[in-house]
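Remarks on the overall topology
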Amino acid sequence: AERGGRARLSFEPQAKVETTGEDPAAAEIEASRDRLVPLRHLEEGLLGFEGYEPPIPRLANQFRYLESRGVYDLAGIGYFTRPPDVPKPFDDLEELGRGPGGIPILYRSKTAMPRAFVVHRSVIATDDQMIAALEDPAQPARTTAFLEAGEAIQGADCTGSSAQLQTWGNSELRITVNACARGYLVVSDAWFPGWYATVNSAFVPIERADLALRAVK
């Protein structure tokens, strides 16, 4: 993320279908790429271990099952539900309402991060170091990108950076970024091969950040 610009993250299928006016079946398959999301992995020939389920992004389950407040906030989880006889998971959650009988209680978190945000500090870290950061009550991942690879940035003493989603879909995100200094745009979607990114129309690498998320410099 530089001082200002537009970031675009797109998914490039591993096997692209070329469409012509002479092949309506191929055209229908191409058109279904966004409409029939559950079948995308079949179209691309990507199968899970069982042979029929979609593959799970690397470390996504490990990220999700940490169940720390840092993970929930980083993933943008703003609401929680619990049965009436079960304590709320975090003391600072705001109760929004409860129904009669055993209807779950709805709680709201005021600390959830947005889907895309800018940080001005980054470090290269192992998976164990990333997990430790995600489990740290101080939540350092709110201001630091913990990267598998990329550039370590010391940070800048500035405020006001922003990331605004302009368009989003199953295979593309467009984000307008205004950064007060060099840094990384972190997107709280699962890192997965096949995605590519451009910043102001120039191709840039997508780094695996915070164990299972995506980051673009």
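Cut-off values and rules
- Residues numbered from 1 in each chain as written.
- Predicted model: local features only at pLDDT ≥ 70, side-chain atom pairs only at ≥ 80, totals over all residues.
- Heavy atoms only, no water.
- Phe/Tyr/Trp six-rings, centres within 6.5 Å; stacked < 30°, edge-to-face > 60°.
- Helix = DSSP H or I, 4+ residues; strand = E, 2+ residues; numbered from the N terminus.
- Buried < 20%, exposed > 50% of the residue type's maximum accessible area, 1.4 Å probe, protein only.
- Patch = residues over 30% accessible without salt bridge, like charges linked within 9 Å, V, L, I, M, F, W, Y side chains within 5 Å.
- Areas by Shrake-Rupley, 256 points an atom, 1.4 Å probe, with all protein chains shown as cover.
- Salt bridge = Lys/Arg side-chain N within 4 Å of Asp/Glu carboxyl O.
- Lys, Arg positive; Asp, Glu negative; His and termini not counted.
- Contact = heavy atoms within 4.5 Å.

1. Section: the packing of aromatic side chains
For the structure on display, the rule yields four aromatic pairs. When the ring of tyrosine 72 is compared with that of phenylalanine 90, the centres are 6.0 Å apart and the planes differ by 70°; the resulting orientation is edge-to-face. Pair noted here: tyrosine 72 is in helix α4 (residues 69-74) and phenylalanine 90 is in the loop between β2 (79-82) and β3 (94-97), with a separation of 18 residues, a long-range link. Phenylalanine 90 sits in the buried class, given a relative accessible area of 17%. Taken together, a centroid distance of 5.9 Å and an interplanar angle of 75° make the contact between phenylalanine 80 and phenylalanine 90 edge-to-face. Of this pair, phenylalanine 80 sits in strand β2 while phenylalanine 90 sits in the loop between β2 and β3, and the two are ten residues apart along the sequence.

2. Section: a nonpolar patch on the surface
Residues Tyr79, Leu96 and Leu106 make up a contiguous nonpolar surface patch of about 270 Å² in total accessible area. By the secondary structure assignment, leucine 96 is in strand β3. With relative accessibility at 37%, the residue leucine 96 sits in the partly exposed group.

3. Digging into the side chain of glutamate 207
Inspection of the secondary structure assignment puts glutamate 207 in strand β13 (residues 207-209). Lysine 217 provides the closest opposite charge to the buried, unpaired glutamate 207, separated from it by 7.6 Å. Leave out the neighbours within four places in its chain, and glutamate 207 touches Leu147, Ala149, Gly150, Tyr184, Trp191, Leu213, Arg214 and Ala215.

4. Examining unusual backbone geometry
For glutamate 67, which is not glycine, the phi torsion reads 55° and is therefore positive. Its place among the elements puts glutamate 67 in the loop between α3 (60-64) and α4. With relative accessibility at 51%, the residue glutamate 67 sits in the exposed group. Notably, glutamine 139 is not glycine yet its phi reads approximately 55°, a positive angle. Tracing the backbone through its elements, the reader meets glutamine 139 in the loop between α5 (127-135) and β7 (144-147).

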